[in-house]
Amino acid sequence: MTAANEDEAHRIANALVEKKLTACVNIIHAVRSIYRWEGKIEDDCELLLIAKTTKSNVEKLIREVKKIHSYKVPEIISLAIESGNEEYLAWLEGSTE
């Protein structure tokens, strides 16, 4: 997902980790997004958030982000974890509800 500014990115990340909807959120600065919105081409600097969670938490995570995000239609997409470090995946599972 993306956020408009650092304060929003931190607020979203903290809420998701605090509520155990995600084990970890990476915040990547200085993402430039060019997109069409309401008939106009927009060019904005945003922050990219990568939230690590389980498949069973995705819908709850989406609902929570939509409640606190400033965007009318926030970008929230899910990418499947096909494989990875088993200890890390166990930690991820144990750190979420």
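Residues numbered from 1 in each chain as written. Predicted model: local features only at pLDDT ≥ 70, side-chain atom pairs only at ≥ 80, totals over all residues. Heavy atoms only, no water.

Draft legend 1. The packing of aromatic side chains, seen in detail. Considering all chains together, one arrives at one aromatic pair under this definition. Ring centres of Y88 and W91 lie 5.3 Å apart, and the angle between their planes is 45°; this geometry places the pair in the tilted category. Here Y88 and its partner W91 are both found in helix α3 (residues 86–94), three residues apart, which amounts to about one turn of the helix. (Phe/Tyr/Trp six-rings, centres within 6.5 Å; stacked < 30°, edge-to-face > 60°. Helix = DSSP H or I, 4+ residues; strand = E, 2+ residues; numbered from the N terminus.)

Draft legend 2. Examining the sheet that holds strand β3 (residues 40–52) more closely. The three strands are arranged β1-β3-β2 in an open sheet whose pairing can be described as antiparallel. Since the sheet does not close on itself, it has two edges, and those belong to β1 (2–3) and β2 (24–37), each with one partner. Pairing analysis gives two bridges linking β1 to β3, with the strands arranged antiparallel. Across the sheet, the residue bridging to T2 is L48, located in β3. Relative to β2, helix α1 (residues 6–18) is tilted by about 130°, and along the sheet it contacts β1, β2 and β3. (Pairing = 2+ DSSP bridges. Contact = heavy atoms within 4.5 Å. Axes fitted to C-alpha atoms, helices over the stretch in contact; angles between N-to-C directions.)

Draft legend 3. Representation of a nonpolar patch on the surface in the model. A grouping of Y35, W37 and V73 is seen on the molecular surface, where their side chains present a nonpolar patch of about 270 Å² in accessible area. Note that W37 resides in strand β2. (Patch = residues over 30% accessible without salt bridge, like charges linked within 9 Å, V, L, I, M, F, W, Y side chains within 5 Å. Areas by Shrake-Rupley, 256 points an atom, 1.4 Å probe, with all protein chains shown as cover. Salt bridge = Lys/Arg side-chain N within 4 Å of Asp/Glu carboxyl O.)

Coordinates in, geometry out; function isn't part of it.
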